[in-house]
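A structural walkthrough
Listed below are the residues making up each chain.
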Amino acid sequence: MTAKKIIVGYDGSAAARAAAGWALDEAARTGALVEFFYAFEWPSRAPAGTKIPAPAEWPGGEIDRTVHGLMSDVVSAAAHSHPAVRTDMSIVHAAAALTLVDRSAEASAVVLGSHGHSAVGNLLGSVSVAVSAHAHCPVVIVRGQIDPGAPVVAGVDDHAAALPALAFAFEQAQSRGVALQVIRAATPPSGLLQVPPPITADALAAEQRALDELLSSWGEKFPGVAVTARVLLDHPAHALTVAGRDAQLLVVGTRGRGALRGTLLGSVSQHLLHHASGPVAVVRELSRP
C-alpha cells in the first residue's frame, strides 16, 4: 500500500474502535495519514400541507459539540497509542456511503467496523457493503481478534479482478512479515446433467500448475514473502470463509468468472463481509477509461 491516506469510518462504537486500531497499526507500517471520518445524516423535514421535503436542518448545539468531542477524543487517543502516526478528522453533514465512495478516490484504503451506530442512525453496517462495492480503493472491514503471526489469505480466480487483490495481498503480507496463502476455489458440479463437465483430477492439477505459474512472477516482486497456493474443490464463499478463520486478513476481489476456476463475484465478497471471522479486504477492479 502506498503511503497516502487511510480513511476510517468512526462513530465511537466498539466496531469503529477496532477499525481505528487496525488503521493506526497499518499507518505505523506504511507512513500513511489516518483520517477519522464521521457522517451525520440528519433527516429532512416536510412542512405541513406539502409533500416536498425541505432541506435538512442541522440541529447544532449539544449534538454538534458531542460529535466534535467524540472525534477529538479518538485523535487524542491515537496520539498516545501511535505517536508517530499523523492523524486528522473530518465531520460531514451528508450521506456516509456516498461521501466515503467519493473520498476513497484520494485514499489508499477505507477502513470500517463490521457495524456501528451514530446519534441519528446507522453509520456503518449497510454502509460497509455499499462502500466495498463502489470504492476507488481497497475497503477493509474489521472484526474479530487478530493474530499478528497469522498469514494473509487471498482468494483469486482467472479474472482481471484477481490481480489488484493479489497485489494488495502481497503488499500486506510483506509489510506484516507473514506468509501469504493463495486459494483458487472450483465449485463442484452437481446433478446428472452436469454443465459444465465434471471437474477431474487432471483439470484440478492443470489449475494448480496455472496458479503456481501465476504466482511465480509475483514472487520475483516480493521475494521475502513465503507463498503457498491451493486449488480447492469447493464453493469460493465456503472455502474462503474456512481459510479466513486462521488468517489475520482475508483479501478478495469483487468480480470473476469461470465455472472451473470458481467465482469471486460480488455475492462471494458480500458473503465474506457478513460471515468471515476476521478482517476482510475487498479490492475492486476499477474500470479503465
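All chains use their own residue numbering, which begins from 1 and follows the written sequence. Local features in a predicted model are, by the rule used here, given only for residues with pLDDT of at least 70; side-chain atom pairs are given and counted only at 80 or more, and totals for whole chains, interfaces and linings are based on all residues. Heavy atoms throughout the structure, all of them, feed into the side-chain values; hydrogens and water do not.

**A word on the overall build of the protein chain**
Filter applied, for reference: Every helix listed is a DSSP run of H or I at least four residues long, and every strand listed is a run of E at least two residues long, numbered separately from the N terminus. Relative accessible area decides the class of each residue, using a 1.4 Å probe on protein chains only: under 20% of the type maximum gives buried, over 50% gives exposed, and in between gives partly exposed. Shrake-Rupley sampling with a 1.4 Å probe provides the accessible areas, and residues are treated as covered by the protein chains on show and by no other component.
Within the protein chain, the regular secondary structure consists of eight helices and 10 strands. Scored against the burial criterion, the 289 residues of the protein chain give a buried share of 46%. Carbon together with sulfur atoms contributes 56% to the accessible area of the protein chain, which is approximately 13600 Å² in total.

**Some thoughts on the sheet that holds strand 10 (residues 280-283)**
The test is simple: DSSP-based pairing: two strands are paired if at least 2 bridges between them are found. Between N-to-C directions, angles cover 0 to 180 degrees, with each direction set by a line fitted to C-alpha atoms, over the stretch in contact for helices. Contacts: residue pairs with any heavy atoms within 4.5 Å of one another.
In spatial order, the strands read 3-2-1-4-5-10-9-6-7-8; together these 10 strands make up an open sheet with mixed pairing. Edge strands, defined here as strands with exactly one partner in the open sheet, are strand 3 (87-92) and strand 8 (227-233). Across this sheet, the average inter-strand angle for adjacent strands is 20 degrees, counted without regard to direction. Here five bridges tie strand 1 (residues 5-9) to strand 2 (residues 33-39), and the two strands are oriented parallel to one another. Bridged to Ile7 within strand 2 is Glu35. Contacts from helix 4 (residues 126-134) reach strand 4 (109-113), strand 5 (139-142) and strand 10 within the one sheet, and its direction differs from that of strand 4 by about 160 degrees. Helix 6 (residues 201-221) contacts strand 7 (180-186) and strand 8 of the sheet and is inclined by roughly 155 degrees relative to strand 8.

**Here's the deal with the nonpolar core**
In globular proteins that are soluble, nonpolar side chains generally tend to be buried together. Quick reminder of the rule: Side-chain atoms within 4.5 Å are what join buried Ala, Val, Leu, Ile, Met, Phe, Trp, Tyr and Cys residues into a set we call a nonpolar core.
Val8, Phe36, Val111, Leu180 and Val251 are the most contacted members of the largest nonpolar core, which has 48 residues in total. Here the element with the most residues in this core is helix 5 (residues 162-176); it accounts for eight residues. Not counting the four nearest positions on each side in its chain, Val251 is found in contact with Val152, Val153, Ala154, Gly155, Ala165, Phe168, Ala169, Ala281 and Val283. Ranked by size, the runner-up nonpolar core spans 31 residues in total, among them Ala96, Ala97, Val101 and Leu112.

**Some details on the environment of Val110**
Among the secondary structure elements, Val110 is positioned in strand 4. Taking C-alpha positions, Val110 is 8.8 Å from Ala23, a pair spaced 87 residues apart along the chain. Residue contacts for Val110: discarding those within four places in its chain leaves Ile7, Leu100, Ser104, Val131, Cys137, Pro138, Val139 and Val140.

**Focus on the pairing of strand 9 (residues 249-253)**
Counted residue by residue, strand 9 has five buried out of five residues, so it is predominantly covered. With burial as the criterion, each face of strand 9 is covered, one bearing Leu249, Val251 and Gly253 and the other bearing Leu250 and Val252. Taken together, the four bridges between strand 6 (residues 152-155) and strand 9 define a ladder with parallel strand orientation. Residue pairing across strands places Ala154 opposite Val251, the latter belonging to strand 9. As defined by bridge partners, strand 9 adjoins strand 10 across four bridges and the pair is classed as parallel. Pairing of Val251 across the sheet is with Ala281, part of strand 10.

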